[in-house]
Structures are given as C-alpha cells and as structure tokens.
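# Observations on the model geometry
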Amino acid sequence: RSSDLNIMRSYNFTVADQVESIGDQLYISPLLFFTLEESSFKEEVRHYPIDFVHPFTDKFMVNIMIPEGYDIESLPENQAVKLPENQGNFSYLIKKNGKYLQLSISFNYNNAMVTAGQYDVFRIFYNSYVAKSSEKIVMKKIQP
C-alpha cells in the first residue's frame, strides 16, 4: 500500500549565503531554504474543504555548526502545539550541543481533509507553525 511508504531525503551541504550579518551578530533561519515565509491559509473564512489527499508528517532535522569566534546569543524557544481530537501537532526543539546547534521540527496532520468547519482552528495552528519555523537564531562574536 502506498500509505505505508515513507519518503526520506537527506542532505549534507555547506552554505555561505544563508546568514545575515549585522555588526558583530549573525542572524540565521535554521530551516535555511525550507523556511516558510508566509502561510498559504490567510483567508479568515473558508467555504470549501482543504484536501491534502492523505494524512502526512513533515520532519526536519538540522545540525548547524557554530562558526569559530561566535557563541549563541539567543535561540527560538522550544514549542509543542496539538490540535483537538488528535487531528495534528507540531513540535520545535532546538538545543546547543558542543559546537553544534541541533534542531528538530515535526509537523503532523492526521486527516486527509480539513473541513470548512475545522478551517479556523487549522488556520491558527498552521500560522503558528509558520511563525515558529521562521524565527531566527542570533549569534554574537566573542570578544577576545
């Protein structure tokens, strides 16, 4: 059955243009090019269902090496949000581990469809996921 299949992609890469440098601080979007810039669900009211075709889970695991001469000034707060009746959830976990930042984000929706009646709750849930996934890490240059 196709519903029993999981698809996993793994990337190893070095990137130089995903960091914003202002003064002695670096601003990094930890999801890099996977960052959601804005929500697809902006309308306040929806009269038709959203059909995802099948339930889904998106997971991102990101390791970021802290550049030499820098330390963490601020990290986004960890967060977990659940929809009622086990319809879905998302979690955002970030921690410093030695010279690396480890980030794990999971977005899970257990239904193939969002009805018009469920839309308002889903929209708020999804918009909070978009907002959380676009928060930045701030690193500050260590003074010698």
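Worth saying up front: this structure is predicted, and the values here are computed from it rather than measured.

## Some words on the packing of aromatic side chains
- Inspection of every chain in the model, using the stated rule, returns 16 aromatic pairs.
- Between Phe107 and Tyr129, the ring centres sit 4.5 Å apart and the planes meet at 40°, which makes this aromatic pair tilted. Taken together, the positions of Phe107 in strand β8 (residues 100-109) and Tyr129 in helix α1 (residues 119-133) put the pair 22 residues apart, joining distant regions of the chain.
- An aromatic cluster is defined as three or more aromatic residues linked by ring pairs; in this entry it consists of Phe41, Phe52, Phe56, Phe90, Phe107, Tyr109, Tyr119, Phe122, Phe125, Tyr126 and Tyr129.
- Lying across the ring of Tyr92, Lys132 places its NZ or CZ 5.2 Å from the centre.

## What about the pairing of strand β6 (residues 79-82)?
- As judged from the four bridges shared by β6 and strand β7 (residues 88-97), these two strands associate in the antiparallel manner. Among the inter-strand pairings, Ala80 is bridged to a residue of β7, identified as Ser91.
- In this antiparallel pair of consecutive strands, β6 and β7, the connection spans five residues, and Glu85 shows a positive phi of 55°.

## What to know about the pairing of strand β10 (residues 137-141)
- Examined bridge by bridge, strand β2 (residues 25-28) and β10 share four bridges and lie antiparallel to one another. Along β10, the bridge assignment pairs Gln25 with Lys140.
- Sheet topology note: the strand β5 (residues 70-74)/β10 ladder contains four bridges and is antiparallel. When the sheet's bridge partners are listed, Ser74 is paired in β10 with Val138.

## Re the nonpolar core
- One finds Phe107, Phe122 and Met139 to be the most contacted residues of the largest nonpolar core, which totals 29 residues.
- Going through the elements one at a time, β2, β4 (56-65), β7, β8, α1 and β10 are the ones with two or more residues in this core.
- The biggest single contributor to this core is α1, with six residues.
- What Phe107 contacts, discounting residues up to four positions off in sequence, is Phe56, Thr57, Asp58, Asn89, Phe90, Phe125, Tyr126 and Tyr129.

Calculation criteria
- Residues numbered from 1 in each chain as written.
- Predicted model: local features only at pLDDT ≥ 70, side-chain atom pairs only at ≥ 80, totals over all residues.
- Heavy atoms only, no water.
- Phe/Tyr/Trp six-rings, centres within 6.5 Å; stacked < 30°, edge-to-face > 60°.
- Helix = DSSP H or I, 4+ residues; strand = E, 2+ residues; numbered from the N terminus.
- Lys NZ or Arg CZ within 6 Å of the ring centre and 35° of its normal.
- Pairing = 2+ DSSP bridges.
- Core = buried A, V, L, I, M, F, W, Y, C linked by side-chain atoms within 4.5 Å.
- Buried < 20%, exposed > 50% of the residue type's maximum accessible area, 1.4 Å probe, protein only.
- Contact = heavy atoms within 4.5 Å.

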